[in-house]
Amino acid sequence: MSTTETPPAPLGIVGVVDAVTAQLRERILSGAIRSGAPLTEAAVSQTYGVARPSAKAAIEQLVASGLLVRTAHRSARVVGIDPETVRDVYRTRTRLESAALRELSARRAVPGAAVDANAELLAMPAGPDPATVDPDLRFHTALIDALSSERTGRMYRSVLDEVRLCMAQVQGRKLLDAADIAAQHADILDAVASGEGERAAALLEAHLSSAEERLVEALSGE
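1. Re the sheet that holds strand S1 (residues 38-39)
Point 1. Taken in spatial order, the three strands of this open sheet run S1-S3-S2, and their pairing is antiparallel. Where the open sheet ends on each side, the last strands, each with one partner, are S1 and strand S2 (68-69).
Point 2. Judged from the two bridges that link them, S1 and strand S3 (residues 76-78) form a sheet pairing that is antiparallel. Bridge assignment links leucine 39 to a residue of S3, and that residue is alanine 76.

What follows is the structure, encoded as structure tokens:
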């Protein structure tokens, strides 16, 4: 390496920042850190025993992913889930996933990862269960990943934390039955296998709209 080249950044801080970010993300998504709660660099630094720059970088990552919001001269806060946010998140998902289903249907390409994720849902006891969030999200992500488009995948993942937060809210309120989710997923995959792109997209829209409306109704009643 030439002596004039800039040396690479130390690797240690990357690991620390990612680890703190992952811990904070899990606590936000589980509800341990509630909507609207402030998250200061000082508090994160003290809680996790890391330097302030590492705490700041972790907070910035969560701001970028949509789990935290920051306004001028105020600490970052956990994003609030309100009806407007829910509608925007679910409709963004619908646009992206509907396009993916049309493309997959044209090739009759059923993603194996989606089949596997839905099999996990089918194996769960009937009834609402927060444990459905992970396989449910993996099912939907598999539709996007099956396109093998780095940019589409990156676009979808830019809203993934907000999607997960909404899904956790839905299942945390016991609004959807695992068996119903799996049955709707299976219908979507059947349409893809049959090459019926418009039917697959319509089934997806109904599937996501149901979760959207139930969560909006629950939030409006609080």
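2. A look at helix H9 (residues 178-193)
Point 1. Here H9 spans 23 Å end to end across 16 residues, near enough to the 22 Å set by a 1.5 Å rise per residue.
Point 2. If you check which residues of H9 are buried, you get Ala178, Ile181, Ala182, His185, Ile188, Leu189, Ala191 and Val192.
Point 3. Looking at where H9 begins, the residue whose side-chain oxygen comes 2.7 Å from the main-chain nitrogen of alanine 179 is aspartate 177.
Point 4. Just downstream of H9 lies glycine 195, where phi reads positive at about 75°.

3. Some remarks on the pattern of salt bridges
A side chain with one charge can pair with a side chain of the opposite charge if their charged atoms come near.
Point 1. Taken as a whole, this structure holds 13 salt bridges when the rule is applied.
Point 2. Of the charged contacts in the structure, one is a salt bridge between arginine 102 and glutamate 198, with a shortest N-O distance of 2.9 Å. Of this pair, arginine 102 sits in helix H4 (residues 83-107) while glutamate 198 sits in helix H10 (residues 197-220), placing them 96 residues apart in sequence.
Point 3. As a salt-bridge pair, aspartate 134 and arginine 164 come within 2.5 Å of each other at their nearest N and O atoms.

4. With respect to the environment of leucine 143
Point 1. Mapping leucine 143 onto the fold places it in helix H6 (residues 133-145).
Point 2. Separated by 31 residues in the primary sequence, leucine 143 and glycine 112 have C-alpha atoms spaced 9.6 Å apart.
Point 3. Sequence-distant contacts of leucine 143, defined by excluding residues within four places in its chain, comprise Glu97, Ala100, Leu101, Leu104, Pro111, Ala114 and Leu189.

Parameters at a glance
- Residues numbered from 1 in each chain as written.
- Predicted model: local features only at pLDDT ≥ 70, side-chain atom pairs only at ≥ 80, totals over all residues.
- Heavy atoms only, no water.
- Pairing = 2+ DSSP bridges.
- Helix = DSSP H or I, 4+ residues; strand = E, 2+ residues; numbered from the N terminus.
- Expected span 1.5 Å × (residues − 1).
- Buried < 20%, exposed > 50% of the residue type's maximum accessible area, 1.4 Å probe, protein only.
- Polar contact = N/O pair within 3.5 Å; in protein donor to acceptor, adjacent residues only side chain to side chain.
- Salt bridge = Lys/Arg side-chain N within 4 Å of Asp/Glu carboxyl O.
- Contact = heavy atoms within 4.5 Å.

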